[in-house]
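One letter stands for each residue in the lines below.
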Amino acid sequence: MNIISLESSIPALPGNRSAQPASAAGALLPDDTSTTTPQAQSLPATIVNLSGASSAAGAKKDIYQQPTVYVTQTRYQLATTPLTSSINSQLLSGANSISAKNTSFSVSGLFGQLGNLSRETTEYRNEARSVLVASDKAEKLGIDFSTAKGRLLNSVNLTIRTKDGDTIDIRAEHAHGKGDSIAFSFVVTGELSPEEQDALEKLAATLGEVADDFFRTGTTQLRGLKEFDKEQLQGFRLDFIRPEGDDYVTMNFDYSVDEAAQTQQLTAKDVDGYKVDIKTDLNGLLENAGAAANNSFQEYLSVLSESLNKHELSTVSRLFILDSFSSMLMPSGAGQAQPPSSTAEAALSAFDSGLADFSVTISSPLHQDHTNYLYPDSMTLKLEQKTEVEQVEQRTLVKQVNSYEFTSSRIDGIVGVDDGDLESGNFNYKTTHIKEQLSRLLDMTAEGVNNLYSEYEQSVDIKEQVYIAFKLQDTQRQDKQEHMVKQLLDTDAATPPEKDSDELLDKVADSRQSLFGFHF
C-alpha cells in the first residue's frame, strides 16, 4: 500500500489548541479541549496520510470503496517558539509514522532537545494522536482527547537531580487504542543555571539513545557514564516499560553521587530480574592510577565473567551486568600516571591496585530459565576492595583488601529417571560457595618501605544432593580451605635491598600482580 504524507497548516481543529504566550515560568494551557483558536505560527496542526482505496475481500468490483486516511492531531499547539513548534511537529510525525507502521516508538529526537527546551521554559506538555478515518471525514474531524488513550505500550521516565536540589522530570509514552498516541512532558522544579542546562543537554541526549535501544530490542546498556557532569548533577533515575506478549518487561537504572561521602552508586535491574548494586569511591589512593588500574580491573572482570559462565544466564543479562560493572569501575586514566614526587609516593604507587575502593553485589532472580520454572536457579556475587590508612608515629600503614564471594543454588532433573524435576521430587540439588580474599599490608616511612605482608584466604564448599520422591538419597561434598600469611620482604637478609631501590619497588609491585589465584 502506497502512503502519501500530506502536511498542511490549518486552523486548529477541535482538540488542537494553539497556545497563549507562555510566561517566563513556562505556564501551560489548561488541559481543556472544548475551545479552539487559530494557530500562532504556520506549523502543521494536523497530518493526513492518504492510504488509498481499499477493497474488502470478496467485495464486488463495481462497488466503490471509500479511501481511508490517517488523521493525526495534537492536543494543543504551544507554538510560541520555534523549538516548541519543532517538538509539536515531532510528536505529530511520530504518532503518524507509528500508525502507518513506518517506524517504532523513539524518544532520542525529543531528548536531544531538552537542553534547549530548558533554556526557553520550565514546563511543556503535549500529546499527538492518530486515527484512521474515511477520507471524506478527515477535513472536519476533531480528535476527542478526553477519551482514554488505550493500552500503554512503551514508556520512559527520566528524573534528573542537580547538586543545587533542582529536579527535571521527563516522561514519554506510546499508547494504542482506536489509534496511536504519543505523549511527552517536561517539568523543571527549580531554576537551572546555564551550566546545569548544558549538563542536562549532554546527559539527556545519551539516555535518549539508551531508551531507543530498549524499545527496539527489549534491553539496553549504559555504555559508561562519561556524559554525567558530577560538577552540576547529583543523579538520575531512568525507568522503561515495553510490552512482551500480553505482559510487560521493565528495566531501570538509578545513579547518584554523594558529595559528602565522596562516593557514587548505581543500582539497576534488567528485563530478566537480574540486579546490580555498585558503590565506588570517587577517588582512589592516587590521583593518576596508571596501567595498574587496568590490570586490577581485568582481574575482577575475569572473576565476574567466570561466575556468569557458571550461572548460564542469557546473553542480554550478561551484557547488562558487564556493562553496569564497566560503567562504574573501568579506569579512565590507565597509562597516564605521573612520575612519583617522593620515595613514599613511589612505594604507594607500586603497592596500590590503582582502583578506587568499591563494593559490588550482583544477584539473579529465583528462576533463571523462564522456559521451565521447575528448575529454580539463583546466584549472588559480591566483589569488593577496601583500603585503610593508619599513621603510627613516623610510620604509615596501608592495608588493601581485595575479595570476592560467589554463592549459587541449582536444581536439575535426574537423567534417566521418569519425571525428573522439582515437581515430581526427583532432582539433584547443588549449592556452591566460593570465597577468596587477598589482604596486603605496606609498612613505610617518608624515607621508604620498612616491610610488606600478605594474607591469602580461600574457601570452596560445593555440595550435591540427590532426592528421589523428595527424600534425600545421597550427598557428595567438595570442601577446600586455604590460609597463608607471608612476609614479602626479607628484612633479615645479609644485604637487604635499599629502602628506595628499584628492586624493592619491584617486589612491592609484584604483590598486586595476582589478586586472585583460584579459578572456577
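For clarity, every value in this text was computed on a predicted model and none was experimentally measured.

Caption draft 1: Looking closely at the overall build of the protein chain. Along its length, the protein chain carries eight helices and 19 strands. Split into buried and exposed, the 520 residues of the protein chain put 46% on the buried side. Residue pairs in contact within the protein chain that sit at least 24 positions apart in sequence constitute 67% of those at least 6 positions apart. Entry remark: accessible area of the protein chain is about 25,400 Å², with carbon and sulfur atoms responsible for 48%.

Caption draft 2: A look at the pattern of salt bridges. For the structure shown, the criterion picks out 15 salt bridges. Measuring nitrogen to oxygen at the nearest pair gives 2.8 Å for the salt bridge that ties Glu-173 to Lys-149. Of this pair, Glu-173 sits in strand S8 (residues 167-176) while Lys-149 sits in the loop between strand S6 (123-134) and strand S7 (151-162); the two residues are 24 residues apart in sequence, bridging distant segments of the chain. A relative accessible area of 26% places Lys-149 in the partly exposed class. With a shortest N-O distance of 3.8 Å, Arg-161 and Asp-254 are connected by a salt bridge. Pair noted here: Arg-161 is in strand S7 and Asp-254 is in strand S11 (residues 247-258), with a separation of 93 residues, a long-range link. The exposure class of Arg-161 is partly exposed, given its relative accessible area of 22%.

Caption draft 3: Expanded view of a negative patch on the surface. A surface patch of negative charge is lined by Asp-502, Glu-503, Asp-506 and Asp-510. Structurally, Asp-502 is set in helix H8 (residues 502-510). We classify Asp-502 as exposed; its relative accessible area is 60%.

Caption draft 4: Structural context of the nonpolar core. Residues Phe-184, Phe-186, Phe-236, Phe-253, Leu-304 and Leu-383 are the most contacted members of the largest nonpolar core, which totals 80 residues. No other element matches helix H4 (residues 194-217), which puts nine residues into this core. When sequence neighbours within four positions are dropped, the list of residues in contact with Leu-304 reads Ile-321, Leu-322, Phe-325, Ile-362, Leu-381 and Leu-383.

Caption draft 5: Summary view of the packing of aromatic side chains. Within this structure, the stated rule accounts for 15 aromatic pairs. Pairing Tyr-300 with Phe-358 gives two aromatic rings, centres 4.9 Å apart and planes at 80 degrees, and the pair type is edge-to-face. Of this pair, Tyr-300 sits in helix H5 (residues 291-311) while Phe-358 sits in strand S14 (residues 358-363), and the two are 58 residues apart along the sequence. Grouped by ring-pair contacts, the aromatic residues Phe-105, Phe-214, Phe-215 and Phe-240 constitute a single cluster. One residue, Arg-440, lies across the ring of Phe-351, its end atom 4.3 Å from the ring centre.

Caption draft 6: Spatial organisation of the environment of Gln-391. Inspection of the secondary structure assignment puts Gln-391 in strand S15 (residues 377-392). Sequence spacing of Gln-391 and Thr-445 is 54 residues, and the spatial spacing of their C-alpha atoms is 9.7 Å. At a separation of 3.0 Å, a polar atom in the side chain of Gln-391 contacts the side chain of Thr-396.

Caption draft 7: Highlighting the packing of helix H7 (residues 343-351) against H8. Between H7 and H8, whose axes approach to 7 Å, the crossing angle comes to 30 degrees. Contact residues: H7 offers Ala-346, Ala-347, Ala-350 and Phe-351, while H8 offers Leu-505, Val-508 and Ala-509. Of the residues in the contact of H7 with H8, the class split is seven nonpolar, no polar and no charged.

Caption draft 8: Structural context of unusual backbone geometry. Despite not being glycine, Arg-223 shows a phi value in the positive range, around 55 degrees. Following the sequence through the fold, Arg-223 ends up in the loop between H4 and strand S10 (233-244). Under the relative-accessibility criterion, Arg-223 is labelled exposed at 53%. One non-glycine residue, Ala-469, adopts positive backbone phi at about 50 degrees. Looking at where Ala-469 falls in the secondary structure, it is placed in the loop between strand S18 (448-468) and strand S19 (471-487). Relative accessible area serves as the criterion here: at 46%, Ala-469 is assigned to the partly exposed category.

Caption draft 9: Here's a closer look at the pairing of S10. Judged from the eight bridges that link them, S7 and S10 form a sheet pairing that is antiparallel. Looking at S10, one finds that Thr-162 is bridged to Leu-233. Two strands pair when backbone bridges link them, and S10 and S11 are joined in this way by ten bridges, in the antiparallel orientation. Paired with Arg-237 across the two strands is Asp-254, which belongs to S11.

Caption draft 10: Just the side chain of Ser-118, in detail. Position of Ser-118 among the secondary structure elements: in helix H3 (residues 114-120). Sequence-distant contacts of Ser-118, that is, excluding residues within four places in its chain, are made with Phe-186, Leu-192, Gln-197 and Leu-200.

Caption draft 11: Structural context of the confidence of the model for the protein chain. This prediction gives the protein chain a mean pLDDT of 81; 78% of its residues lie at or above 70. pLDDT under 50 marks residues 1-44. Its contacts with residues more than four places away, or in other chains, come to 108 contacts. Segment residues 51-57 is flagged for pLDDT under 50; beyond a separation of four residues in sequence, or across chains, it makes eleven contacts in the model.

Caption draft 12: Fine view of the pairing of strand S9 (residues 180-189). A large share of S9 lies buried, amounting to nine of its ten residues. Bridge count for S6 against S9 is eight bridges, and the pairing is antiparallel. Paired with Tyr-124 across the strands is Phe-186, a residue of S9.

Caption draft 13: Geometry of the packing of H5 against helix H6 (residues 315-329). Two numbers describe how H5 lies on H6: the axes approach to 11 Å, and their chain directions differ by 165 degrees. When the axis of H5 is compared with that of H6, the two are roughly antiparallel. In terms of crossing hand, the pair formed by H5 and H6 is right-handed. Contact residues: H5 offers Phe-297, Tyr-300, Leu-301, Leu-304, Ser-305, Leu-308 and Asn-309, while H6 offers Arg-318, Ile-321, Leu-322, Phe-325, Ser-326 and Leu-329. For the contact of H5 with H6, the per-class residue count stands at nine nonpolar, three polar and one charged.

About the cut-offs
Residues numbered from 1 in each chain as written. Predicted model: local features only at pLDDT ≥ 70, side-chain atom pairs only at ≥ 80, totals over all residues. Heavy atoms only, no water. Helix = DSSP H or I, 4+ residues; strand = E, 2+ residues; numbered from the N terminus. Buried < 20%, exposed > 50% of the residue type's maximum accessible area, 1.4 Å probe, protein only. Contact = heavy atoms within 4.5 Å. Areas by Shrake-Rupley, 256 points an atom, 1.4 Å probe, with all protein chains shown as cover. Salt bridge = Lys/Arg side-chain N within 4 Å of Asp/Glu carboxyl O. Patch = residues over 30% accessible without salt bridge, like charges linked within 9 Å, V, L, I, M, F, W, Y side chains within 5 Å. Lys, Arg positive; Asp, Glu negative; His and termini not counted. Charge placed at Lys NZ, Arg CZ, Asp CG, Glu CD. Core = buried A, V, L, I, M, F, W, Y, C linked by side-chain atoms within 4.5 Å. Phe/Tyr/Trp six-rings, centres within 6.5 Å; stacked < 30°, edge-to-face > 60°. Lys NZ or Arg CZ within 6 Å of the ring centre and 35° of its normal. Polar contact = N/O pair within 3.5 Å; in protein donor to acceptor, adjacent residues only side chain to side chain. Axes fitted to C-alpha atoms, helices over the stretch in contact; angles between N-to-C directions. Nonpolar A, V, L, I, M, F, W, Y, C, P; charged D, E, K, R; others polar. Pairing = 2+ DSSP bridges. pLDDT = per-residue confidence, 0-100. Parallel < 35°, antiparallel > 145°, perpendicular 65-115°, else oblique. Left-handed = near helix turned anticlockwise from the far one by under 90°.

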